[in-house]
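Coordinate inspection notes
Listed here are the chains, written in short residue letters.
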Amino acid sequence: MTQRAKIDTDGSETEAGEPPVVHRPAGLTSAEVAERVARGEVNDVPLRSSRSTTDIVRANVFTRFNAIIGVLWVIMFIVAPIQDSLFGFVIIANTGIGIIQELRAKKTLDGLAVIGEAKPTVRRDGVAAELSTSEIVLGDLIELGPGDKVVVDGVVAEADSLEIDESLLTGEADPVVKQPGAAVMSGSFVVAGGGAFTATKVGREAYAAQLAEEASRFTLVHSELRSGISTILKYVTWMMIPTAIGLIISQLVVKDNDLKNSIARTVGGIVPMIPEGLVLLTSVAFAVGVIRLGRKQCLVQELPAIEGLARVDVVCLDKTGTLTEGGMDVTELRPLNGSDETYIRKVLGALGESDPRPNASLQAIIDAYPDSVDWRCTESLPFSSARKYSGAAFSEGNGEDSTWLLGAPDVLLATDDPTLTEIDHLNEQGLRVLLLARTVHDLDSPEVATDAKPTALVVLEQRLRPDAAGTLAYFADQNVTTKIISGDNAVSVGAVAGKLDMPGAENTVDARELPTDREEMAKVLDANAVFGRVSPQQKRDMVAALQSHGHTVAMTGDGVNDVLALKDADIGVSMGSGSEATRAVAQIVLLNNSFATLPSVVAEGRRVIGNITRVATLFLTKTVYSVLLAVLVVCSQVEYPFLPRHLTLLSTLTIGVPAFFLALAPNKERAKPNFVRRVMRYAIPGGVIAAAATFTTYLLARHHYSGEGALEAETSAATLTLFLVSMWVLAIIARPYTWWRLTLVATMGGAFLLVLVVPWLQNFFALKLVGTTMPWAAVVIAAAGGALLEVSYRWVSKRFPT
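Residues numbered from 1 in each chain as written. Predicted model: local features only at pLDDT ≥ 70, side-chain atom pairs only at ≥ 80, totals over all residues. Heavy atoms only, no water.

1. Comments concerning the pattern of salt bridges
Should the charged atoms of two oppositely charged side chains come close, the side chains can pair. One pass over the full model with this rule turns up 19 salt bridges. A salt bridge links Arg-512 to Asp-410; its shortest N-O distance comes to 2.9 Å. Taken as a pair, Arg-512 in the loop between strand E17 (508-510) and helix H17 (518-527) and Asp-410 in helix H13 (residues 409-412) lie far apart in primary sequence, 102 residues in all. Here Glu-714 makes a salt bridge to Arg-702, at a shortest N to O gap of 3.9 Å. With Glu-714 in helix H24 (residues 710-733) and Arg-702 in helix H23 (residues 675-704), the pair connects residues that are 12 residues apart, well separated along the chain. Residue classification places Glu-714 among the buried residues on the basis of a relative accessible area of 5%. Taken together, the shared-partner salt bridges in this structure form one network comprising Asp-410, Asp-510, Arg-512 and Arg-533. (Salt bridge = Lys/Arg side-chain N within 4 Å of Asp/Glu carboxyl O. Helix = DSSP H or I, 4+ residues; strand = E, 2+ residues; numbered from the N terminus. Buried < 20%, exposed > 50% of the residue type's maximum accessible area, 1.4 Å probe, protein only.)

Below is the structure:
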């Protein structure tokens with residue numbers, strides 16, 4: 001192909017004998033850029049990959065429960081010794097840990113987001129270069145190609161068959177053809193063709209930036225865990241308010257006690273009702289998950305997405321770029337209908353030169369067939385996943401003109417063409433086949449593919465990802481169904497899946513034969529595993545059909561044709577090397593382009609969900625027994641048995657410290673729905689048994705002890721029972737046992753024993769067992785409570801399975 005003259009901005013000839021070159025804008029000059037930067041006309045929208053530091057601090061400090069505890073803490077400082085104010089210091093420590101962990105997660109997120117950030121190509125001083133989106137200024141000329149996202153608002157300056165998808169903004173699924181002078185909005189993306197546009201709105205004035213201001217990315221994904229905890233806390237609040245009022249009245253009005261002591265015991269009854277650490281621990285668990293995945297080059301753009309992928313039961317995979325690597329190799333060229341192979345090589349070389357942004361298939365052809373020196377491209381038709389072919393018209397240098405198409409054989413050929421049989425044999429081997437055909441129609445004609453003459457088959461071999469087989473095996477082992485949804489030939493896709501030992505690889509379906517009815521489509525999807533010739537809109541319909549059958553669907557992909565399905569799936573997963581559009585709509589971006597990272601994300605989500613379910617049972621058991629103890633005290637008109645220091649000690653040893661370790665421990669348990677039901681089915685019987693056992697011991701102790709120091713002795717006996725029953729709950733929650741879990745439970749028990757035997761700790765926590773009768777009675781009652789716990793937990797597991 002004759003070398004085209006270098007494009008000049010003044011339109012003058014640059015080579016002798018060449019026609020004048022079409023004017024191509026050079027973009028802003030360096031001086032103009034500096035002038036706009038000085039005026040503040042810069043695209044300075046902050047990266048919204050995570051919450052700001054201020055938001056993190058505010059969310060952890062200014063909570064409803066922290067406000068309640070803060071008031072109670074101030075009261076305790078006034079009326080009681082410092083040891084009765086320990087609960088306040090624990091809250092400060094927990095809140096501090098939460099802030100630090102979220103800040104670490106923010107640092108990880110922001111660092112990874114910069115790596116995965118879109119780098120638009122901007123033309124300045126006639127030279128095109130990739131820049132950060134924050135460096136774009138008003139009036140910049142930004143180049144566009146397939147898959148590029150429009151990062152700011154603008155007006156089209158150049159268009160070469162430019163088609164832009166605005167569905168993310170307007171809801172309209174059909175791409176819009178853009179001509180010079182047409183407006184483009186940020187947030188849309190290119191599906192075919194290329195061009196350039198001039199930035200007319202940057203920064204917060206751009207359309208996408210305004211949307212981002214209204215809805216931060218941070219909380220877009222639904223989290224059953226967070227909504228479940230919010231539901232629990234709402235009911236806890238309603239239970240806590242009347243109970244706390246009754247407790248205050250009974251301790252301050254009905255009982256004629258010392259005022260300061262009554263206040264201290266009232267606060268001691270209210271504080272443990274508040275499961276404040278549960279919210280904190282959930283945030284910490286999410287934050288630690290983000291950090292762990294960040295180390296594996298996995299960008300979690302929305303924190304609850306970790307949980308979402310763990311709940312997924314169907315993963316839809318795009319073959320190209322997911323199961324196979326991006327690159328391809330031409331393995332064979334088969335001329336058809338007596339065509340000359342030397343001539344075909346010239347056509348393929350010219351086609352490669354005609355596309356400034358070749359896809360993987362065309363790049364393989366460019367590598368295999370160098371450009372002809374005497375051919376000139378007069379018109380081109382970019383590849384579109386909707387039509388599944390590209391084309392170009394050439395002046396061959398000898399006075400002949402020709403127009404060619406390159407694309408899917410089963411789209412360009414008639415269904416009864418004998419060549420398709422030959423192609424089927426190649427597809428069965430997992431090879432990709434493109435058809436080169438000559439057409440007599442103009443490229444802009446709707447009939448361009450009609451009666452196209454087959455000229456050659458280009459056989460391509462795709463490179464399988466070395467980690468794909470192991471990842472598919474992992475999903476099969478975890479009872480997660482995989483579906484291959486590809487735009488390629490179904491037989492070829494099935495052969496690739498077969499090489500990877502994917503379950504159901506033999507069940508292949510041509511998507512062009514899929515029913516349009518959603519219910520019928522869902523039945524076909526449930527029965528088969530591999531789908532070829534799927535259009536972008538069909539991918540979206542398939543996700544919706546699976547969801548209509550109750551499936552939680554994850555969609556992976558890297559191309560523009562995957563965007564609509566990624567957006568509608570419960571969890572969208574994009575490759576880091578994928579198009580800007582896919583990275584923008586996905587909740588999870590695999591920056592290392594490794595499909596093998598997905599099991600890590602699933603495992604991390606399961607760890608978070610399983611562990612939070614465990615520790616939530618601990619926290620809510622405490623809430624239940626605290627409320628019931630307060631109710632029993634109010635009804636019995638007796639002193640509340642505990643001071644804040646007692647319950648601080650119990651909470652730390654039976655909930656706080658164990659929960660921290662349990663929440664961050666490995667956990668491969670499959671994620672299950674109905675979080676609230678699963679937690680409360682254990683917390684309610686556990687709390688009822690703990691309250692009943694404790695109050696029984698307290699009433700017995702009131703009859704056993706008398707005289708000075710009787711209340712302290714009664715409190716110590718009740719504390720012993722409550723600790724032992726709570727430890728039994730912890731021992732059940734910690735199952736199945738490992739060495740470290742047994743060590744954890746034993747250490748907590750040893751710490752309490754230390755408090756009982758060391759004199760200064762006895763005085764500090766006001767815990768001293770008097771005599772032997774009541775302490776042993778407390779142990780026996782606790783043992784009976786433990787036996788009831790075992791029976792009730794087994795009954796609940798059978799009666800209310802999940």
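2. A word on the packing of aromatic side chains
The tally for this structure, following the rule as stated, stands at 11 aromatic pairs. A centroid spacing of 5.9 Å and a plane angle of 55° characterise the contact between Tyr-343 and Trp-404, whose relative ring orientation is tilted. Placement of the pair is Tyr-343 in helix H11 (residues 341-354) and Trp-404 in strand E13 (residues 401-407), with a sequence separation of 61 residues. Classification of Trp-404 by relative accessible area gives buried; the value is 2%. Ring centres of Phe-695 and Tyr-698 lie 6.1 Å apart, and the angle between their planes is 55°; on these two criteria the pair is classed as tilted. A residue pair is termed a helical-turn pair when its members lie 3 or 4 positions apart in one helix, as Phe-695 and Tyr-698 do in helix H23 at three residues. Linked through ring pairs, Tyr-343, Trp-375, Phe-394 and Trp-404 together constitute an aromatic cluster. (Phe/Tyr/Trp six-rings, centres within 6.5 Å; stacked < 30°, edge-to-face > 60°.)

3. Digging into the sheet that holds E17
Taken in spatial order, the eight strands line up as E8-E21-E20-E19-E9-E16-E18-E17 in an open sheet, and their pairing is mixed. At either margin of the open sheet sits one strand with a lone partner, and together these are strand E8 (298-300) and E17. Averaged over all adjacent pairs, the angle separating strand axes in this sheet is 20°, with direction ignored. Here three bridges tie strand E20 (residues 571-575) to strand E21 (residues 588-590), and the two strands are oriented parallel to one another. Bridge pairing in E21 links Ser-574 to Val-589. (Pairing = 2+ DSSP bridges. Axes fitted to C-alpha atoms, helices over the stretch in contact; angles between N-to-C directions.)

4. A few points about the packing of helix H22 (residues 644-663) against H24
The geometry of H22 relative to H24 is characterised by a closest axis approach of 9 Å and an angle of 10° between their N-to-C directions. Regarding the angle of H22 to H24, the classification is roughly parallel. As for the relative orientation of H22 and H24, their crossing is right-handed in sense. Contacts from His-646, Leu-647, Leu-650, Leu-653, Thr-654, Pro-658 and Leu-662 in H22 reach Thr-715, Thr-719, Leu-722, Phe-723, Ser-726, Met-727 and Leu-730 in H24. (Parallel < 35°, antiparallel > 145°, perpendicular 65-115°, else oblique. Left-handed = near helix turned anticlockwise from the far one by under 90°. Contact = heavy atoms within 4.5 Å.)

5. Quick word on the nonpolar core
Counting 86 residues, the largest nonpolar core has Ile-612, Val-615, Phe-675 and Phe-752 as the members making the most contacts within it. Considering each element in turn, this core owes the most residues, 12 residues, to helix H21 (residues 598-636). Excluding its chain neighbours within four sequence positions, the residues that come into contact with Phe-675 are Glu-224, Leu-225, Gly-228, Ile-229, Ile-232, Ile-612, Thr-613 and Ala-616. (Core = buried A, V, L, I, M, F, W, Y, C linked by side-chain atoms within 4.5 Å.)

6. Side note on the confidence of the model for the chain
Caution applies to low-pLDDT regions: their predicted coordinates should not be interpreted in detail. Averaged over all residues, the pLDDT of the chain equals 81, while 87% of them reach at least 70. No element of the chain has a lower mean pLDDT than helix H6 (residues 207-214), which averages 55, and none a higher one than helix H25 (residues 739-757), which averages 93. Confidence over residues 1-22 falls short of pLDDT 50; this stretch has 42 contacts with residues more than four positions distant or in other chains. Low pLDDT, under 50, characterises residues 212-220; the stretch is placed with 15 contacts to residues that sit more than four places away or in other chains. (pLDDT = per-residue confidence, 0-100.)

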